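# Fold and geometry: a report
For reference, the chains in residue letters:
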Amino acid sequence: MDLVEKAVQRLAELKKAGIDAPVAAATSESAAAQSPAEAIPTPERFARALERAQPPDTRTAAPAPAPAAITAPAVHVRRQSAPAEAGQRSREVHIDLEALAAAGFVTPQAQRSQIADEFRVIKRPIIRNARDRVGPRAERANLVMVTSAIPSEGKSFVSLNLAMSIALEVDSTVLLVDADVANPSLMKLTHLPQGSKGLLDLLTSPDIKLPDVMLRTNVEKLSILPAGTAHGRATEMLASESMAALLEEMASRYSDRILVFDAPPLLATTEARALASHMGQIIMVVEADRTTQVLVKHALETIESCPVVMMVLNKAPRPEVGSYYGQHYYAAAS
Ligand SMILES: Nc1ncnc2c1ncn2[C@@H]1O[C@H](COP(=O)(O)OP(=O)(O)OP(=O)(O)O)[C@@H](O)[C@H]1O
Ligand SMILES: [Mg+2]
């Protein structure tokens, strides 16, 4: 059975199990615009696009691993509202949205751009899975990690665009977390002052609480949690018990929000794998024409524990690959 047949069989199994059918998009500022009909995602098209995106000498590489078998029934958990935080008000910062739009990002003012259209397709299943709490790790469905096999594939680009796109929904609130603590970039991308406290301070100082370091922005439903004060053992802290406890608290306390984590690459370090084991959904960014199928396969093997993995082919340069996209859902093997 080839990769496509496996993917089709897998989708049928997941549909049966009540997990949302795959819909996703990849992003490329240079890609040709597609008609809505062309934008219908299928695993076959993703597999074909990924195959075409490989450098010629790597095309014979082994296919991505078959998804693990479903071992847990779908569970539905009612959403709870976040407890009131009396007297706790986060600091507000101002994102220069014009500069962001000029740099090619989704903004409230540029909702009809190609990039906005692409992220509209990417975000749909993520929002649906978070709201419906479907899948084996239902209570964590609102924790969404963006990662990649190797550095520079576009994780921060996808994280910020995704968070902005979700925040533009009528009833979705987002917290964008800079979890790439060794190489933080979200404050720079949003032209916000560096040096704010954030995630690492939450892990090192028990007295600091999330609302103290979370930044509200001029995009009404978008808040940012910076990486925080640089720390010699920053990467170890991401894989620590304190981080696991913080993620559990975040998932339940902010159950009405979608938390998007801009994470480190999977094959360069080990902390991204540790983070992945706590996430409800993972978006794996794959850079077209650069990341080989072998690397994608190895990266996927490191996150087998996450029940929902979606793949986004980024920077697709050729019109025939176009704004190609694809998505795979995996059931937990536990
Ligand atoms: N779809 C895209 N179209 C054009 N440029 C892109 C796209 N995605 C990413 N880039 C550019 O590619 C470069 C790397 O992107 P980005 O910083 O988001 O990658 P990253 O995976 O977060 O890198 P790192 O591993 O260093 O954190 C940036 O210059 C970014 O602007
Ligand atoms: Mg980055």
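Look up: the structure comes first, before these words.
Now for a description of the structure that goes with this document. For clarity, every value in this text was computed on a predicted model and none was experimentally measured.

For the rest of this paragraph, the subject is the overall build of the protein. Counting its regular elements, the protein contains twelve helices and eight strands. Within the protein, the fraction of its 334 residues that count as buried is 54%. Sequence-distant contacts in the protein: of pairs separated by 6 or more residues, those separated by 24 or more amount to 81%. Of the roughly 14000 Å² of accessible surface on the protein, a fraction of 53% belongs to carbon and sulfur atoms.

Turning to the environment of Arg290, a few remarks are in order. Here Arg290 shows up in the loop between strand 7 (281-287) and helix 12 (293-302). You can call Arg290 partly exposed: its relative accessible area is 35%. Between the C-alpha atom of Arg290 and that of Lys315, which follows or precedes it by 25 residues, the distance is 9.7 Å. Reaching out from Arg290, the side chain makes a polar contact with the backbone oxygen of Pro151 at a distance of 3.1 Å.

By secondary structure assignment, the location of Glu153 is in the loop between strand 2 (143-148) and helix 5 (155-167). The charged side chain of Glu153 is buried without a salt bridge, its nearest counter-charge being Arg290 at 5.2 Å. Only 2.7 Å separates the side chain of Glu153 from the backbone nitrogen of Glu287, close enough to count as a polar contact. A distance of 2.4 Å separates polar atoms of two side chains, one belonging to Glu153 and the other to Thr291. If we skip the residues at most four places from it in the chain, Glu153 touches Ser148, Val285, Val286, Glu287, Arg290, Thr291, Asn314 and Lys315.

The terminal C-alpha atoms of helix 5 lie 18 Å apart, and with 13 residues this matches the ideal 18 Å at 1.5 Å per residue to within 8%. Most of helix 5 sits inside the fold, with 13 of its 13 residues counted as buried.

So, on to the environment of Leu168. Note that Leu168 resides in the loop between helix 5 and strand 3 (173-178). Measuring from C-alpha to C-alpha, the distance between Leu168 and Arg120 comes to 9.9 Å, with 48 residues separating the pair along the chain. Look past the residues within four positions of Leu168 in its chain and what remains in contact with it is Val106, Thr107, Pro108 and Gln111.

Once that is clear, we can look at the sheet that holds strand 4 (residues 215-217). Ordered by their spatial adjacency, eight strands build an open sheet running 1-4-5-3-6-2-7-8, and the pairing between neighbours is mixed. Sheet topology places strand 1 (91-93) and strand 8 (309-314) at the edges, where each strand pairs with a single neighbour. Direction aside, neighbouring strands of the sheet carry axes that sit 25 degrees apart on average. Examined bridge by bridge, strand 1 and strand 4 share three bridges and lie parallel to one another. Across the sheet, the residue bridging to Val93 is Thr217, located in strand 4. Strands in contact with helix 5 are strand 2, strand 3, strand 5 (222-225), strand 6 (257-262), strand 7 and strand 8; relative to strand 6, the strand with the most contacts, it is inclined by about 165 degrees. Contacts between helix 12 and the sheet are confined to strand 7 and strand 8, with strand 7 contributing the most and set at about 165 degrees to the helix.

Thresholds applied
- Residues numbered from 1 in each chain as written.
- Chains lettered and ligands numbered in written order.
- Predicted model: local features only at pLDDT ≥ 70, side-chain atom pairs only at ≥ 80, totals over all residues.
- Heavy atoms only, no water.
- Helix = DSSP H or I, 4+ residues; strand = E, 2+ residues; numbered from the N terminus.
- Buried < 20%, exposed > 50% of the residue type's maximum accessible area, 1.4 Å probe, protein only.
- Contact = heavy atoms within 4.5 Å.
- Areas by Shrake-Rupley, 256 points an atom, 1.4 Å probe, with all protein chains shown as cover.
- Polar contact = N/O pair within 3.5 Å; in protein donor to acceptor, adjacent residues only side chain to side chain.
- Lys, Arg positive; Asp, Glu negative; His and termini not counted.
- Salt bridge = Lys/Arg side-chain N within 4 Å of Asp/Glu carboxyl O.
- Expected span 1.5 Å × (residues − 1).
- Pairing = 2+ DSSP bridges.
- Axes fitted to C-alpha atoms, helices over the stretch in contact; angles between N-to-C directions.

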